[in-house]
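Descriptive structure summary
Given next are the chains, with one letter for each unit.
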Amino acid sequence: MLLYSARRLLAGFVLFVIVAFITYWLLSFSFDSVIAARLGASATPETIAEVRADYGLDRPVVVQYVDWLAGVFQGDLGRSFYTQEPVIDAIPPRLFVTLSIVVPALIIATIIAVFLGTFAASRGGGADKAAQGVMLFGYLVPNLLIAILLTVVLAINLGWLPATGYVRFGDDPAGWLKSITIPVIALFIGGAANIANQVRGTMIDELRKDYVRTLRTRGVSARTVVYKHALRNAAGPALTVFGLTFINMFGGALIIEQVFALPGFGTFSFNSALQGDFPVLMGLTVFGVGMTVTINLLTDLANGWLNPKARIYA
Amino acid sequence: MRINSSPARRVRAGVVAVAAAAVLVTSACSGASDDAEANGSTEPEATSDAPTTLTVAVSRQPQGFDTINLSNGTDALVWSAIYDRLIVPGDDGLPVPAAAESWEYSEDGLVLTLHLRDGMTFSNGDPVVAADYKATLDLLISTAGPLSGEVGSVSSVEAPDDSTIVINFSQPDASFLDSLSKAIGAIANDTTIANEDAPTNPVGSGAYTLDPDATVAGSQYVLNKREDYWNADAYPFETVTVKVIADSTALENALKSGEINVGDVISGTLDESSGITATEVPGAGLQNLKILDREGTIVPALADVRVRQAINYAINRDAIVEGVSQGRGEPVAQIAFPDTSVYVEELNDTYPYDLEKAKELMAEAGYADGFAVTMPSIIYSQTLDPVVGQALADIGITVTWDSIPAQNTGQAILSAQYPMAIWPDGYAGPARLFGNQYTENAFQNPFHTTDDELTALLNDLATTVDPEAQIPLAKEVNAWVVENAWDAPILNSSRLIGVHEGYAYTGTTTNSFPSVALYGVAE
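Right, let's walk through the structure included here. (Residues numbered from 1 in each chain as written. Chains lettered and ligands numbered in written order. Predicted model: local features only at pLDDT ≥ 70, side-chain atom pairs only at ≥ 80, totals over all residues. Heavy atoms only, no water.)

A look at the nonpolar core
With 70 residues, the main nonpolar core has L86, I167 and L180 of chain B as its most contacted residues. The element contributing the most residues to this core is helix α2 (residues 76-82) of chain B, with six residues. Dropping the residues within four chain positions of it, I167 of chain B is found in contact with L110, V111, L112, L114, Y133, L137, V154, S156, V157 and F176 of chain B. In this structure, Y24, Y65 and I146 of chain A together with A144 of chain B belong to the second largest nonpolar core, which totals 68 residues. (Core = buried A, V, L, I, M, F, W, Y, C linked by side-chain atoms within 4.5 Å. Buried < 20%, exposed > 50% of the residue type's maximum accessible area, 1.4 Å probe, protein only. Helix = DSSP H or I, 4+ residues; strand = E, 2+ residues; numbered from the N terminus. Contact = heavy atoms within 4.5 Å.)

What about the pattern of salt bridges?
Residues and elements named next belong to chain A. One pass over the structure, following the stated rule, counts 18 salt bridges over all chains. We note a salt bridge from D67 to R59, for which the minimum N-O separation is 3.2 Å. The closest approach of N and O atoms between E206 and K209, which form a salt bridge, is 3.0 Å. Residue classification places K209 among the partly exposed residues on the basis of a relative accessible area of 39%. (Salt bridge = Lys/Arg side-chain N within 4 Å of Asp/Glu carboxyl O.)

Focus: the packing of helix α1 (residues 2-28) of chain A against helix α4 (residues 61-73) of chain A
Packed helices, taken two at a time, are described by the angle between their axes plus the distance between the axes. Residue and element names in this part refer to chain A. Remark: α1 packs on α4, axes separated minimally by 10 Å, with the N-to-C direction vectors making an angle of 130 degrees. As the angle between them shows, α1 and α4 are arranged oblique. The hand of the α1/α4 crossing is right-handed. Facing α1, whose interface residues are F13, F16, V17, A20, F21, Y24, W25 and S28, α4 presents V61, V62, Q64, Y65, W68, L69, V72 and F73. For the contact of α1 with α4, a count of residues per class yields 14 nonpolar, two polar and no charged. (Axes fitted to C-alpha atoms, helices over the stretch in contact; angles between N-to-C directions. Parallel < 35°, antiparallel > 145°, perpendicular 65-115°, else oblique. Left-handed = near helix turned anticlockwise from the far one by under 90°. Nonpolar A, V, L, I, M, F, W, Y, C, P; charged D, E, K, R; others polar.)

So, the interface of chain A and chain B
The interface of chain A with chain B comprises 37 residues on the first partner and 41 residues on the second. Taking both partners together, chain A and chain B bury about 3,000 Å²; carbon and sulfur atoms supply 55% of that area. Taken as a group, R38, T164 and R168 of chain A account for 15% of the area that chain A buries against chain B, more than any other trio of residues on that side. Along the contact surface separating chain A from chain B lie one salt bridge. (Buried area = accessible area lost by both parts, 1.4 Å probe.)

Some remarks on a nonpolar patch on the surface
Residues and elements named next belong to chain A. A contiguous nonpolar surface patch, about 940 Å² in accessible area, is contributed by L10, F13, V14, I18, I22, W25, L26, F29 and F73. In terms of residues, the nonpolar patch owes the most to one element, α1, which gives seven residues. Position of I18 among the secondary structure elements: in helix α1. Judged by its relative accessible area of 47%, I18 falls in the partly exposed class. (Patch = residues over 30% accessible without salt bridge, like charges linked within 9 Å, V, L, I, M, F, W, Y side chains within 5 Å. Areas by Shrake-Rupley, 256 points an atom, 1.4 Å probe, with all protein chains shown as cover.)

Here it is as structure tokens:
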């Protein structure tokens, strides 16, 4: 498993080097535009050239990239072109904000999805149809709509929860919980529907298999058959969807962050992309690729742990 | 400033108000009479139950707080509380004393001498002396950055004693006093100006200090009042929190739920029982159809004044204000801002909506069948693009829109690729307002078009350092530009500001430079 993990991490590193270079190369086409936008009315060919030189952007792109990559290994991702914050300091707090809503949303979504999917698959009939209706609702209702509705009711009308803003956990744990409650609710519903549907489908397949019939004929209780045996075997495909849902939620968090004015990874990425803040965009690439590689690796490892037949490592 | 009598006034979405907010964010925008910052003036005395904290919002994360990276957009709400400026704009936009008690120009306008007030200190305890501002200005001059253009005319700066600053110019600069009342007038501490953490941990001599523990970059900036500030009585709030809320719906939700005390209302409604008063401030931002290619380099037709005038006649400004900005704004045919001394109401009658007249002018110019242009569709113009495109189509001008990514917005003008562009602008003093648009090398004159008569008028304006003397000269420029249709201004939008009970917002068109001084307690 260690060798497999090392191989996957190495492949991830190669992927990162390639993706980062392509990103840098693509960004290099807009350096002058970004500098002009930053300089505003002070932008002249001379001042643009001066700023280009200040940032070392007048050198060949490959040289700039290698220089940047060397900085990455020393923990230096440069400074934001706009806010002058060190990028290495700017990203982690924003990442934590997004994880603060995505991780609880994913956990809640998974718990609900497992029970809902299993319930639907094992009961069948009207219960299954009702559960499918709930899943369909979760799919179809945009999380933005839910967010707005909850804000109007819980924040503006009742005043129970804040309508906007983020409170750091270290500053006020209760305030933190309040600040993430509506965003988490808005985010988990779609994810729960997604995972539940997958759990339902794979559970139906599992429950039709011979080993389930054998277990039942031996008098093993229905609960044990469903939750101890079938669910474990059905977990593989669901886990894959779980990983994808995590990535999707991460992307979907952008809208939620905007609606609730949360200073998260999505908002930061969006604003940086609008401004063409290239040091930040490169830093985001580092974190983004790193996170994707890690999530995929963890999903594969968990899959193998749950189902020895699915182990693709020695 | 107009105050709506009913606090429950229903307010509607104003797309142009979005653009107005954008103007505040993106441009060197406003002149303000930060009376609270000015010598001798004070806010109303706070009563015992008057609020002592203020929470407001800006739509964009402030940039670096080191003096070479300061922005004159909404970021100024934070940094202008941290730094003293040498002067500040008065109610009428004219400069009044702040950190500098007085100033005088030499007769030839090439030397400006400022006298600092006594007793000012930085938040680290250092006294404020002339050498601090010399170091600040020297750094601005030697570093290419967003403020470079504003110090381009400065040849040197001297600090002959602790309270005297002497600025020498290579040529008279009529915009300089206006600039001094904004970002380049901020005084940094000579001993900390070069610190690596200067962008995030600023040391200023202003009324507030940035609380690094309570501040969350990109989310909220917390300012604590300095009781030892020289004009502390003018600031009623002990703590000011500036939140970053980019989404207009989120901003309104924050206002309605009381999470912010004062904020722009861009869409939606204010509840009758909310206790929020809506205040409308005109002159929030110009939307201008800029005719950039006035010499016909790309589109020869635009060199003909009749074609440019036809474009002006083809725009139904009243309908656009009503239809696109829900009545929030003034239809204008001039770039001067309503409620300012340079604004001439009658100039708006120069080009009433008259399609027949427009078509006649096109025919006279030999373009009865029209012509084609390519225009940039920028993030701030997208709501106006369809109506402007239709207006131009009505007189035979076919527009092809190029979609411009947000980060390339400035380049869309600078590149001289486009003969026309819809462009937003914020308020500026007369010399800067017209200088930025029509001088040969102005940012907004990418084809470097000149006209002898206009150049003479602009030169007179640019070299007149007395702000009051600039007004009649600017009016002449204004009239010339309208008559010769160098642009086709469309409207100047207004801001609708929601104010919670107990608070007051005192901004006006000429007094809207983002500053804590614009917020007070209700009398």
